[in-house]
Amino acid sequence: MAEIVHDYFAPGWRDRPLDCVCGWQGDSRYMAMELHDEVTDYACPQCANLLLIVSHPSLEQVRQAAAEGNEEARQQLAIVEEALQRFPQDPDP
């Protein structure tokens, strides 16, 4: 069964080694990644068994992590805020 990471900004999930039933062992950097709207899936590079599911952070989670000093969140927040300034959201679609 795949491990689920609900907090994208939780430390260590990228580096934690996972074991696959096929015998492969490694961390997310060596897995096959598939991006979806709400999550990113990570699968074993040998047998494609799903090993890790990471939830994408909401804007509020990015803001909170940035306020707590998370450098990755600060970088993401700067990108998002720039995009929101350049492409304002229509409040009444």
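Above this text you will find the structure in question.
Residues numbered from 1 in each chain as written. Predicted model: local features only at pLDDT ≥ 70, side-chain atom pairs only at ≥ 80, totals over all residues. Heavy atoms only, no water.

Draft legend 1. Structural context of the nonpolar core. One finds W13, L51, L52 and V54 to be the most contacted residues of the largest nonpolar core, which totals 18 residues. For this core, the elements supplying multiple residues, two or more each, are β6 (50-55), α1 (59-67) and α2 (71-86). If we skip the residues at most four places from it in the chain, L51 touches A2, E3, L18, D19, C20, W24, M31, Y42, A43 and C44. (Core = buried A, V, L, I, M, F, W, Y, C linked by side-chain atoms within 4.5 Å. Buried < 20%, exposed > 50% of the residue type's maximum accessible area, 1.4 Å probe, protein only. Helix = DSSP H or I, 4+ residues; strand = E, 2+ residues; numbered from the N terminus. Contact = heavy atoms within 4.5 Å.)

Draft legend 2. Structural detail: a nonpolar patch on the surface. A cluster of nonpolar side chains, contributed by L59, V80 and L84, occupies part of the molecular surface with about 180 Å² of accessible area. Given the relative accessible area of 33%, L84 is considered partly exposed. (Patch = residues over 30% accessible without salt bridge, like charges linked within 9 Å, V, L, I, M, F, W, Y side chains within 5 Å. Areas by Shrake-Rupley, 256 points an atom, 1.4 Å probe, with all protein chains shown as cover. Salt bridge = Lys/Arg side-chain N within 4 Å of Asp/Glu carboxyl O.)

Draft legend 3. Structural context of the environment of L50. Inspection of the secondary structure assignment puts L50 in strand β6. For L50, a relative accessible area of 32% puts it in the partly exposed group. Taking the C-alpha atoms as reference, L50 lies 30 Å from I79; in sequence the two are 29 residues apart. Those residues in contact with L50 that lie beyond four places of it in its chain are A2, D41, Y42 and A43.

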